[in-house]
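Residues per chain, in single letters:
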Amino acid sequence: MHTVEDLCTLISSKITWGRGEDPRQLRPDTPLLETGLLDSLTIMQIVTALDAEAGIALPDTEIVAANFRSPRALWAVVEDVRAGAAR
């Protein structure tokens, strides 16, 4: 995983899309919680996939709603974890 767009692809693959929702419309600034695209189960699936597919283990302290507001918000946490500076 090298870009926020890669993260968008991962997140999109974990969302259960409803009728009329187009998974290709997920962008870095898409509000994930506000629009109801994520629930607690989906968040945990994303966390698990980050670890399994990208080798990025989020600390429990980073698995909070604020970090899942948008793909860009989560990407900031991913970059912090990679740098060893989780907030």
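Residues numbered from 1 in each chain as written. Predicted model: local features only at pLDDT ≥ 70, side-chain atom pairs only at ≥ 80, totals over all residues. Heavy atoms only, no water.

1. A closer look at the nonpolar core
Okay, step 1: Of all hydrophobic cores here, the largest spans 24 residues; its most connected members are I11, L50 and L58.
Okay, step 2: Those elements that place two or more of their residues in this core are α1 (4-14), α2 (40-54) and α3 (71-83).
Okay, step 3: Look past the residues within four positions of L50 in its chain and what remains in contact with it is M1, L7, L10, G55, I56, L58, L74 and V78. (Core = buried A, V, L, I, M, F, W, Y, C linked by side-chain atoms within 4.5 Å. Buried < 20%, exposed > 50% of the residue type's maximum accessible area, 1.4 Å probe, protein only. Helix = DSSP H or I, 4+ residues; strand = E, 2+ residues; numbered from the N terminus. Contact = heavy atoms within 4.5 Å.)

2. Description of the pattern of salt bridges
A side chain of one charge can pair with a side chain of the opposite charge if their charged atoms are brought near each other.
Okay, step 1: All chains considered together, the criterion is met by two salt bridges.
Okay, step 2: Here K14 ties to E53 by a salt bridge, and the two come within 3.8 Å at their closest N and O atoms. Of this pair, K14 sits in helix α1 while E53 is found in helix α2, placing the two residues 39 residues apart along the sequence.
Okay, step 3: Using a relative accessible area of 23% as the deciding quantity, one classes K14 as partly exposed.
Okay, step 4: R72 serves as the salt-bridge partner of D29, at 2.8 Å between the closest nitrogen and oxygen. One end of the pair, D29, is in the loop between α1 and α2; the other, R72, is in helix α3, and 43 residues separate them in sequence. (Salt bridge = Lys/Arg side-chain N within 4 Å of Asp/Glu carboxyl O.)

3. Some thoughts on the confidence of the model for the protein chain
Okay, step 1: Looking at the protein chain, pLDDT values average 91 and 93% of them are 70 or higher.
Okay, step 2: Here α1 is the element of the protein chain with the lowest mean pLDDT, 94, and α2 is the one with the highest, 96. (pLDDT = per-residue confidence, 0-100.)

4. Quick look at the packing of α1 against α3
Okay, step 1: α3 packs onto α1 with a crossing angle of 115 degrees between their chain directions and a minimal axis gap of 9 Å. As judged from the angle between their axes, α1 and α3 are roughly perpendicular. The element α1 and its partner α3 pack so that their crossing is right-handed. Within the contact between the two elements, α1 uses V4, L7, C8 and I11 and α3 uses P71, R72, L74 and W75. (Axes fitted to C-alpha atoms, helices over the stretch in contact; angles between N-to-C directions. Parallel < 35°, antiparallel > 145°, perpendicular 65-115°, else oblique. Left-handed = near helix turned anticlockwise from the far one by under 90°.)

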